[in-house]
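# Structural description and commentary
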Amino acid sequence: KAGNGGGTPIDVILASRRFEREALGRAAAVDLAGWKAPVLVPEDLIAMKLAAGGPLDIQDAKMLLEIHKGRLDETILGGSCALLKVTLVLTRLRGA
């Protein structure tokens, strides 16, 4: 986690694994005080949160699923969850 100067923490990923590199390839560039920062698509962020597996990560994933309901690319979400081996976790979370 890092601060962006405005008090909002951000997560920094060092794309060392295949999945992280693929996720960065799908990321959108967002302007942060003149710096173009890649921001993960929700599908990849959900998969990463599920893979992290902590209580707050699971809560974040559930919130992202609700916020983006009906607008998620299920192919990307399913593929990302499969790569991170969290497909069953996603299925359980959606059933909860």
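From a predicted model like this one, the values you see are computed outputs, not experimental measurements. All residue numbers refer to position in the chain's written sequence, counted from 1. Local features in this predicted model are restricted to residues whose pLDDT is 70 or higher, and side-chain atom pairs enter the listing and the counts only when it is 80 or higher, whereas totals over whole chains, interfaces and linings include all residues. Each side-chain value is worked out from all heavy atoms of the structure, with water and hydrogens disregarded.

## Topic: the nonpolar core
Remark: nonpolar core denotes a set of buried residues (Ala, Val, Leu, Ile, Met, Phe, Trp, Tyr, Cys) joined through side-chain atoms within 4.5 Å. Only protein chains enter the accessibility calculation, which uses a 1.4 Å probe; a residue is then buried when its area is under 20% of its type maximum, exposed when over 50%, and partly exposed in between. In this structure, Ile46, Leu50, Leu65, Leu77 and Cys81 are the most contacted members of the largest nonpolar core, which totals 17 residues. Secondary structure is summarised from DSSP: a helix means a run of H or I of at least four residues, a strand means a run of E of at least two, and numbering begins at the N terminus for each. For this core, the secondary-structure elements that each account for two or more residues are α1 (18-26), α2 (42-52), α3 (55-67), α4 (74-83) and α5 (87-95). Among the elements that make up this core, the one with the highest residue count is α2 (4 residues). Here, residues are in contact when the closest pair of their heavy atoms is within 4.5 Å. Once residues within four sequence positions are removed from consideration, Leu77 is found in contact with Glu43, Ile46, Leu65, Leu72, Leu90 and Arg94.

## Re unusual backbone geometry
Of note in this structure, Ala33 is not a glycine but carries a positive phi near 55°. As for its placement among the helices and strands, Ala33 is situated in the loop between β3 (28-32) and β4 (35-39). Residue Ala33 is classed as exposed on the basis of its relative accessible area of 84%. Notably, Lys85 is not glycine yet its phi reads approximately 60°, a positive angle. Within the secondary structure, Lys85 sits in the loop between α4 and α5.

## Points about the pattern of salt bridges
We define a salt bridge as a side-chain nitrogen of Lys or Arg found within 4 Å of a carboxyl oxygen belonging to Asp or Glu. In total, this model carries 6 salt bridges according to the counting rule given. When the shortest N-O distance is used, the salt bridge between Asp60 and Lys49 registers 2.9 Å. Taken together, the residues Asp60 in helix α3 and Lys49 in helix α2 connect sequence positions 11 residues apart. Overall, the relative accessible area of 14% leaves Lys49 in the buried class. The salt bridge partner of Glu74 is Arg94, with a shortest N-O separation of 2.9 Å. Of this pair, Glu74 sits in helix α4 while Arg94 sits in helix α5, and the two are 20 residues apart along the sequence. Through salt bridges that share partners, Lys49, Asp57 and Asp60 make up one connected network.

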